[in-house]
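# A closer look at the structure
Take a look at the letters that make up each chain.
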Amino acid sequence: MAHIENPDWRPARIVENRCVARGTYWITLEAADEKPAAYQPGHVLGLRLNRDGAEPLRHAYTVSWGEPAKRRFSHLYRVILDGRMTPLMGELEPGAAMDFHGPVHTPIVDEVDKKAKRIFGIATGTGLGPLYGYALQALAAGETRPVTLYTGMRARADLCFDAELKALAAKHSNLSHAFTLTKPDAAWRAAKGLTGRVDDALPPLLKKAGRLGEAHYHLVGNGAMVRLWRAALKAAGVPEKRVSVETFFNHRVEPTPSQIRSLAAKLGSS
Ligand SMILES: Cc1cc2nc3c(=O)[nH]c(=O)nc-3n(C[C@H](O)[C@H](O)[C@H](O)COP(=O)(O)OP(=O)(O)OC[C@H]3O[C@@H](n4cnc5c(N)ncnc54)[C@H](O)[C@@H]3O)c2cc1C
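Starting from 1, residues in each chain are numbered consecutively following that chain's sequence as written. Predicted model: local features are reported for residues with pLDDT of at least 70 only, side-chain atom pairs are reported and counted for 80 or more only, and whole-chain, interface and lining totals are derived from all residues. Values shown for side chains rest on all heavy atoms present in the structure; no hydrogens or waters enter the calculation.

### Here's the deal with the sheet that holds strand 4 (residues 54–62)
Sheet architecture is open: seven strands sit in the order 4-3-7-1-2-6-5, paired in antiparallel fashion. Of all the strands in the sheet, the pair left with one neighbour each is strand 4 and strand 5 (65–67). Sheet twist, expressed as the mean angle between neighbouring strand axes with direction ignored, is 35°. In this analysis, strands are considered paired if DSSP registers two or more bridges between them. Starting at the N terminus, helices and strands are each numbered in turn, a helix being any DSSP run of H or I of at least four residues and a strand any DSSP run of E of at least two. Strand direction decides the pairing type here: strand 3 (residues 44–51) and strand 7 (residues 97–104), joined by four bridges, are antiparallel. Counted as the bridge partner of V44 is V104 from strand 7. Contacts: residue pairs with any heavy atoms within 4.5 Å of one another. To obtain an axis, a line is fitted to C-alpha atoms, over the contacting stretch when the element is a helix, and the angle between two such axes runs from 0 to 180 degrees between their N-to-C directions. On the sheet, helix 3 (residues 128–140) packs against strand 4, strand 5 and strand 6 (72–78) and is oriented at approximately 50° with respect to strand 5.

This is the structure in structure tokens:
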């Protein structure tokens, strides 16, 4: 948590911590003090895990969903097998304590350009969490523009919130979502699911949707994807205000000029 020094940590208790896909968990916390806890998808909180006789562990997590009236907030997180904090987090039971502080960053709903004609959320892995929450929030608030979520995952075992998003799309005809898998199985291929990295699978779909520069793009997850897409969208002529980002890891990975040119060429001009 480089953003905030000496944060004012607050106590919370875990309401739910359930596995929703291979190595992927949905955690809901409730503030255990008397203060308000009103957070929206895209806000970022610090979470801290205290350990007996050892230094506390802390990391940033993006809010996927907030319930201000209950002072609850949820995050989608990946258990990193050789990670320091997430393997311990994955074992926490309801009622266990964690600390939190924040928020920092801006809710996605406030980042999306009001004049854009369409909204694309592009995620890798657990970046889907805040996009899912954003879709729930925006559609409930009456968003009528087309909202399309694309998430890059490795394999079918990694998929989560597919049924929930399909149910949401059945209620809101302007929502659609799809996963693209880098390790698809035969059934996925037979069902004609998207395959390959987001850089390969998405450009033809984005082009088909209309002029590139008319849409807003929210990019979230692996920094390698986020930085490449932000640079390529810029190179393709999309105004900077039409791109918002959240990076979970690989913060320093710089795309090469040829990677940027290649993706920008696939995207075409705005
Ligand atoms: C602003 C911000 C928001 C974040 N929001 C989320 C979130 O909502 N959900 C979430 O799962 N993570 C999120 N992260 C990442 C999170 O803060 C931790 O870095 C992550 O949970 C790893 O913790 P760890 O101690 O287990 O691993 P560490 O021992 O710190 O090992 C970190 C290594 O794990 C890898 N890694 C980190 N995060 C991920 C990930 N999500 N998927 C795959 N590999 C990863 C990286 O290669 C990194 O080098 C966010 C990070 C930032 C900066």
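That shown, we press on.
### Quick notes on the packing of aromatic side chains
Each pair of aromatic rings taken from Phe, Tyr and Trp, with Trp reduced to its six-membered ring, is defined by centres within 6.5 Å and is described as stacked if the planes are under 30 degrees apart, edge-to-face if over 60, and tilted in the remaining cases. In total, this model carries nine aromatic pairs according to the counting rule given. Seen in terms of ring centroids, Y25 and Y77 are 5.6 Å apart; in terms of plane orientation they differ by 25°. Their pairing is stacked. Linking Y25 in strand 2 (residues 24–31) with Y77 in strand 6, this pair joins segments that are 52 residues apart in sequence. The cut-offs for exposure are 20% and 50% of the maximum accessible area for each residue type, with area from a 1.4 Å probe on protein chains only; residues under the lower value are buried, those over the upper are exposed, and the others partly exposed. Taking the relative accessible area as the measure of exposure, Y25 reaches 18% and is therefore buried. With a relative accessible area of 1%, Y77 lands in the buried category. Centre to centre, the rings of Y39 and F100 are 6.3 Å apart; their planes meet at 75°, and the pair counts as edge-to-face. One end of the pair, Y39, is in the loop between strand 2 and strand 3; the other, F100, is in strand 7, with 61 residues separating them in the sequence. Each member of the pair, Y39 together with F100, is buried. Taken together, the ring pairs in this structure connect Y25, Y61 and Y77 into an aromatic cluster.

### Description of the domain arrangement of the chain
Splitting the chain by domain gives domain 1 (10–104) and domain 2 (108–267). Where each domain starts and ends follows an automatic or database-derived domain assignment. Measuring from the centre of the C-alpha atoms in domain 1 to the corresponding centre in domain 2 gives 25 Å. Taken together, the 16 residues of domain 1 in the interface contact 21 residues of domain 2. With both chains or domains summed, domain 1 and domain 2 bury close to 1500 Å², and 60% of this area falls on carbon and sulfur atoms. A per-residue breakdown of the area domain 1 buries against domain 2 is headed by R22, P41 and L76, which together make up 36% of the total. Whenever Lys or Arg places a side-chain nitrogen within 4 Å of a carboxyl oxygen from Asp or Glu, that contact is recorded as a salt bridge. Between the two partners, domain 1 and domain 2, sit one salt bridge. The residue R22 makes a salt bridge to D158 at a minimum N-O spacing of 2.9 Å. Two N or O atoms form a polar contact when they lie within 3.5 Å of each other; inside protein one atom must be a possible hydrogen donor and the other a possible acceptor, and for residues adjacent in sequence the pair counts only when both atoms belong to side chains. At the surface where domain 1 touches domain 2, the tally comes to five residue pairs in polar contact (both at pLDDT 80 or more). It is strand 6 that contributes the most residues to the side of domain 1 that touches domain 2, three residues altogether. Three classes are used, and their members are as follows: Ala, Val, Leu, Ile, Met, Phe, Trp, Tyr, Cys and Pro are nonpolar, Asp, Glu, Lys and Arg are charged, and the others, Gly among them, are polar. Of the residues in the side of domain 1 that touches domain 2, the class split is nine nonpolar, five polar and two charged. Buried surface area refers to the total accessible area, computed with a probe of radius 1.4 Å, that the two partners give up upon joining, counted for both partners together.

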